[in-house]
Amino acid sequence: MFEVKSENIMPSCRFGDNYNGPSENRSPMALWAKAQSLPPEALQQVRAIYTDRFPIEVRHFLASWIEEKMWGLEIETDNPQHEQYAANIVADLIHQLETKANSMNSEELLITKYKLMDSANAFKQRYARCPLDLFRLMRHCLNSELKVIQQVENVPMGSMPPGTGLMPDSAAEIAQQVDVLRHRTTETGKLLRQMEQEQENFALHYHECTKLKAHLQHLQSQLINQQNIELEKTVRRQKDISEQTLNQKVSSLLQLRLQLADKLSESVTHLVTLQCRVLDEELIRWKREQQLAGNGAQFNSNLDNIQDWCESLAEIIWLNRQQIKEVERLKQKLTLEPPGVVDVLPNLSIQITQLLSSLVTSTFIIEKQPPQVMKTNTRFTSTVRLLVGGKLNVHMTPPQVKVTIISEAQANALLKNDKIAKGEASGEILNNTGTMEYHQATRQLSVSFRNMQLKKIKRAEKKGTESVMDEKFSLLFQSQFSVGGGELVFQVWTLSLPVVVIVHGNQEPHAWATVTWDNAFAEPGRVPFAVPDKVAWCHVAEALNMKFRYATGRPLTEENLCFLAEKAFRNPNMSDFQNQMLTWSQFCKEPLQERSFTFWEWFYAVMKLTREHLRGPWMDGLILGFIRKKQAQDMLIATNTTSTFLLRFSDSELGGITIAWVGDGELGSQVFMLQPFTHKDFAIRSLPDRIADLQHLVHLYPDIPKDQAFSKYYTPLENQPTSNNGYVKPFLVTHVPGWGGPGPSSTPSYPNTPHMFQAPSPEAGSARDTPSVASHVSDSVSSELEWILSYAGAGAQSAAGEAEYNGSNMDFLEDFDNFDVYLPHPTYRQA
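Residues numbered from 1 in each chain as written. Predicted model: local features only at pLDDT ≥ 70, side-chain atom pairs only at ≥ 80, totals over all residues. Heavy atoms only, no water.

Under the annotation held in an unreviewed UniProt entry, the chain carries the name Signal transducer and activator of transcription and is attributed to Thrips palmi.

Okay, structure coming up:
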């Protein structure tokens, strides 16, 4: 049920613009009045715009209200505020319809009154789930009217003033084409019934004519007398009239058959066009947007709309198929083939069945994709949906769906042969079968796999520099069902997006490189799972920005992307890099200069650090991050103010961020850089708290007081130093030797608290980009923390053994999947 909202959420509008140009006193019925004065042919085009989905009576009796509300709207139906306004217009339309209908009390308008009431009720039922569909349809109808008027008056299509809001709408156009096809199917149904009646009539007359012939033959065999001669003349005259009537009926019947065949041919042609648009444009676009969503793109799924279109297509195709079969049955009962006319029905029957088969197999889709980086022995979920299942009554015998994992080579073979060898799979998946269920409220036939788990994987042999994280698999969903009482049996299958299988978390970064590259640069209709080996930087930058924005909440700036381009191409002096081609090897295979990690590994580590520990300050613009060391030094020196600092991501430390600040050195103002913090450091104490600890940091670049910038992220201090059990609760304070201890804003450490030098994060490369100042951490449990760190380091070292980390090659981790290090919990005593 629709409800008119009281709030006035109004998108920007410009009223008073007529299609011919601005007019201060434009009549609100200007468009409809113009349409009514069109020549007959053009007026017929306007009438054809309005179908049962939006009747012309509604347009006529609410013309003033419709044009007042719709004209001049600059509305975006994807905008939540505009969406609410559009829904309010639809609710108000239904209210206006009911009010108008109730005001019609004269007998002359009784039929119109019922028509408007029926329309109001139909709108409530049809558009209850998505009132925006009706809004789009209204907008499309007005736009179509406008086009007809422009064509008649030779108004250029581009001369519309801005702000009319009557833009073409794909969804409304498809809905209108569906209505046209439904109307055509109704017309052919009427012709079919007429043909059946005329054929039955013909059969009766033929039987009567046969009786007359037999009677005439009988009379001719009798003795000739005057009475028989008169009777014979009468019977002969009746027979001639009957034969003449039969000839007329044959001619009419043949004409009707040809007319029906032509109309069915036209309907099938229109169905082919519309189905191609829905499946090859709208559904493919949905799948592409779903894939880009794997990289973080916004995904406004219109799958319910696509299901509506597909269900309408299934219904219309099935009706046309039944009509074609009925025509063939009637023709077999009465064989009348005019000479020189080719019977098109057999080809139409094949074509319409192929259309139905294509529709069913194409609408078996994965609504929720499995994870594209899949770890063995880890639970995952996925959902499969058949968009036409409810309309074809597939749910009456719920089909089973089976899931297997196949390799890239097997996926290729499947597409070529449309089948896969029985029992052939590249791994073992637990809980891999499910039964599709029909949900009455949503009209969806689907199955959700909630507890699948990949137990083991069978890999292909590696070539050259290939690693297990380069290898792509896919989940194959298969099912079989019948429609029409077993008349047609469909074997359907669909492939998931490419999946990279890992056994250890350390393999995750490179696996995500493979997935990100595939999601961003896969082309429609590709051979699984081919991707280009090199891509223009502008496209790579778009993918990186999409990924970073999704993970951290804020997009990258042009300056950030320039920095990333210089790093990816290993060239700090690049100027024109937008169309420069970046190779897959440069992206995630070749280590950066003087580093042991790749560009992607560096980027991924920064993104992970920002998402998990720096999201708030990053979204507030407090972290410059992507900036070269030399540039940071120049910017800080230029401020000519000591104690000014900025935050930049470390070049030498994976997932590290450093604090650079201006201080007084031996030669005057000098830039210092703190040893980078990593996620291990922030797991102990957050970046804002560490900045609060360092009293020599006063202003965030260029001149923002640090408390103003970071205070909302500070951790509140406990008022009670002693807990209920008598122990003292310790906390950490960051301290840089030579730059003073904690200031007034920090609680002083307890007397005689030992100071521990903070263990530096492990070096990622053989050379660091700058000498850095190490910070100390003051803590009442320093000796125990030191022991834990040393214990963990020794345990990890012994676990890895002789295996070495060499860039993205993490294949050795296949053997270390079940290794764990157990650390005892330290005991904290009262200081």
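### Topic: the overall build of the chain
Counting secondary structure elements, the chain contains 23 helices and 23 strands. Classification of the 831 residues of the chain by burial places 46% in the buried group. Contacts in the chain between residues far apart in sequence, at least 24 positions, make up 72% of those at least 6 positions apart. When the accessible area of the chain is evaluated, it comes to approximately 42,000 Å², of which 50% is carbon and sulfur surface. (Helix = DSSP H or I, 4+ residues; strand = E, 2+ residues; numbered from the N terminus. Buried < 20%, exposed > 50% of the residue type's maximum accessible area, 1.4 Å probe, protein only. Contact = heavy atoms within 4.5 Å. Areas by Shrake-Rupley, 256 points an atom, 1.4 Å probe, with all protein chains shown as cover.)

### Overview of the packing of helix H15 (residues 558-568) against helix H17 (residues 599-613)
At their nearest, the axes of H15 and H17 sit 10 Å apart, and the two run at 145 degrees to each other. Two packed elements cross with a definite hand, and for H15 against H17 that hand is right-handed. Residue-level inspection shows Phe563, Leu564, Lys567 and Ala568 of H15 in contact with H17, the latter providing Phe599, Trp602 and Phe603. For the contact of H15 with H17, the per-class residue count stands at six nonpolar, no polar and one charged. (Axes fitted to C-alpha atoms, helices over the stretch in contact; angles between N-to-C directions. Left-handed = near helix turned anticlockwise from the far one by under 90°. Nonpolar A, V, L, I, M, F, W, Y, C, P; charged D, E, K, R; others polar.)

### Digging into the sheet that holds strand S18 (residues 668-673)
Strand order in this open sheet of five strands is S18-S17-S16-S19-S20, and the pairing throughout is mixed. Two strands bound the open sheet, and with one partner strand each, they are S18 and strand S20 (704-705). Of the pairings in the sheet, the one linking strand S16 (residues 644-649) to strand S19 (residues 699-700) comprises two bridges and is parallel in character. Counterpart to Phe645 in the pairing with S19 is Leu700. (Pairing = 2+ DSSP bridges.)

### So, helix H19 (residues 629-639)
Of the residues making up H19, those classed as buried are Ala632, Met635 and Leu636. End-on view of H19: buried residues confined to an arc of 95 degrees, all on one side of the axis. Exposed positions of H19 whose direction lies more than 90 degrees from the buried face are Lys630 and Ala638. Contacts from the buried residues of H19 go to S16, strand S17 (657-665) and S18. Trailing H19 by a residue or two, Asn640 shows a phi angle of about 60 degrees, which is positive. (Arc of directions from axis to C-beta.)

### Some thoughts on the pattern of salt bridges
Taken as a whole, this structure holds 34 salt bridges when the rule is applied. Of the charged contacts in the structure, one is a salt bridge between Lys124 and Glu98, with a shortest N-O distance of 2.5 Å. Residue Lys124 is located in helix H6 (residues 110-126), and its partner Glu98 is located in helix H5 (residues 80-102); the two are separated by 26 residues in the primary sequence. One salt bridge connects Arg611 with Glu612, and the closest N-O pair in it is separated by 3.2 Å. Looking at Glu612, the relative accessible area reads 38%, which means it is partly exposed. Overlapping salt bridges bring together Lys213, Lys239, Asp240 and Glu243 as one network. (Salt bridge = Lys/Arg side-chain N within 4 Å of Asp/Glu carboxyl O.)

### Quick look at the environment of Phe54
Structurally, Phe54 is set in the loop between helix H2 (40-49) and helix H3 (56-61). The spatial distance from the C-alpha of Phe54 to the C-alpha of Gln176 is 9.2 Å, given a sequence separation of 122 residues. Setting aside its immediate chain neighbours within four residues, Phe54 contacts Arg59, Ile66, Leu93, Phe123, Leu134, Leu137, Met138 and Cys141.

### Comments concerning helix H13 (residues 508-521)
Across its 14 residues, H13 extends 20 Å between first and last C-alpha, which sits within 8% of the 20 Å expected from 1.5 Å per residue. Burial within H13 is extensive, with 11 of its 14 residues counted as buried. For H13, every residue scored as buried is listed here: His510, Ala511, Ala513, Thr514, Val515, Thr516, Trp517, Asp518, Asn519, Ala520 and Phe521. (Expected span 1.5 Å × (residues − 1).)

### A short note on the packing of helix H4 (residues 63-70) against helix H7 (residues 131-152)
Relative orientation of the contacting elements H4 and H7 amounts to 100 degrees, with a least axis distance of 11 Å. One element, H4, and the other, H7, form an angle in the roughly perpendicular class. Residues Trp65, Ile66 and Met70 of H4 touch H7, and the partners they reach there are Phe135, Met138, Arg139 and Leu142. (Parallel < 35°, antiparallel > 145°, perpendicular 65-115°, else oblique.)

### Side note on the packing of aromatic side chains
Going through the model one piece at a time under the given rule, you end up with 29 aromatic pairs. Geometrically, the ring pair formed by Phe548 and Phe603 is tilted, given 5.7 Å between the ring centres and 50 degrees between the ring planes. Here the residue Phe548 occupies a position in helix H14 (residues 537-552), and Phe603 occupies one in helix H17, the gap between them amounting to 55 residues. You can call Phe603 buried: its relative accessible area is 0%. Plain terms: the ring middles of Trp600 and Phe603 are 5.8 Å apart, the flat faces sit at 40 degrees to each other, and that makes the pair tilted. Residue Trp600 and its partner Phe603 are located together in helix H17, separated by three residues, close to a single helical turn. On the basis of relative accessibility, which here comes to 0%, the residue Trp600 falls in the buried class. (Phe/Tyr/Trp six-rings, centres within 6.5 Å; stacked < 30°, edge-to-face > 60°.)

### Brief notes about the sheet that holds strand S6 (residues 400-407)
The strand order across the open sheet built from four strands is S8-S6-S11-S12, with neighbouring strands paired in antiparallel fashion. A single partner strand is all that each edge strand has here, and the edge strands are strand S8 (433-435) and strand S12 (488-495). Shown here is a sheet whose adjacent strand axes are inclined to one another by a mean of 25 degrees, direction ignored. Bridging between strand S11 (residues 473-483) and S12 involves eight bridges; their strand directions are antiparallel.

### Description of the pairing of S11
One face of the sheet, then the other: side chains in a regular strand alternate in exactly this way. For S11, a buried count of eight out of 11 residues is recorded, marking the element as mostly surrounded by other parts of the structure. Pairing between S6 and S11: seven bridges, direction antiparallel. Its bridge partner lying in S11, Val401 is registered against Ser479. With antiparallel pairing between neighbouring strands as the criterion, S11 and S12 make up a hairpin whose turn holds four residues, including Gly484 at a positive phi of roughly 65 degrees.

### Regarding the confidence of the model for the chain
Summary statistics for the chain give a mean pLDDT of 80 and a share of 80% for residues scoring 70 or more. Segment residues 743-771: pLDDT under 50, and 58 contacts once partners within four positions in sequence are set aside and those in other chains are kept. (pLDDT = per-residue confidence, 0-100.)

### A closer look at the nonpolar core
If you look at the biggest cluster of nonpolar residues, it comprises 75 residues, and the most contacted ones within it are Leu475 and Phe477. Element by element, the count of residues in this core is highest for helix H9 (residues 226-293), at 13 residues. Structurally, this core is a two-domain feature, drawing no fewer than three residues from each of domain 2 (170-356) and domain 3 (369-458 + 469-531). Every residue in contact with Phe477, bar those within four places of it in the chain, is listed here: Phe364, Ile366, Ser382, Val384, Val401, Lys402, Val403, Phe449, Val492, Trp493, Thr494 and Ser496. Counting residues in hydrophobic clusters, the runner-up holds 58 residues, among them Phe521, Leu592, Trp661 and Leu697. (Core = buried A, V, L, I, M, F, W, Y, C linked by side-chain atoms within 4.5 Å. Domains from an automatic or database assignment.)

### Notes on unusual backbone geometry
Across the chain, the bulk of peptide bonds are trans and the bulk of non-glycine residues have phi less than zero. A cis amide bond links Pro528 with the next residue in sequence, Phe529, at an omega value of -15 degrees. With respect to the helices and strands, the residue Phe529 is situated in the loop between H13 and strand S14 (534-536). Of note, the bond from Tyr701 into Pro702 is cis; its omega dihedral lies within 30 degrees of zero at 5 degrees. When you line up the elements, Pro702 lands in the loop between S19 and S20.

### Brief notes about a nonpolar patch on the surface
There is a patch of nonpolar side chains on the surface, built from Leu110, Ile111 and Tyr114 and spanning about 330 Å² of accessible area. If you trace the backbone, Tyr114 turns up in helix H6. Given the relative accessible area of 47%, Tyr114 is considered partly exposed. (Patch = residues over 30% accessible without salt bridge, like charges linked within 9 Å, V, L, I, M, F, W, Y side chains within 5 Å.)

### Thoughts on the environment of Val344
Looking at the element boundaries, Val344 is found in the loop between helix H10 (303-333) and helix H11 (345-362). Given the relative accessible area of 33%, Val344 is considered partly exposed. Considering only alpha carbons, one finds Val344 and Ser265, 79 residues apart in sequence, at a separation of 8.1 Å. Among residues more than four places away in sequence, those in contact with Val344 are Ala261 and Ser265.

### Some thoughts on the pairing of strand S5 (residues 379-386)
Burial runs high along S5: six of the eight residues are buried. Here strand S3 (residues 364-368) runs beside S5; their pairing, made up of four bridges, is antiparallel. Within the sheet, the bridge partner assigned to Phe364 lies in S5 and is Leu386. Across seven bridges, the pairing between S5 and strand S10 (residues 444-457) is antiparallel. Bridged to Ser382 within S10 is Phe449.

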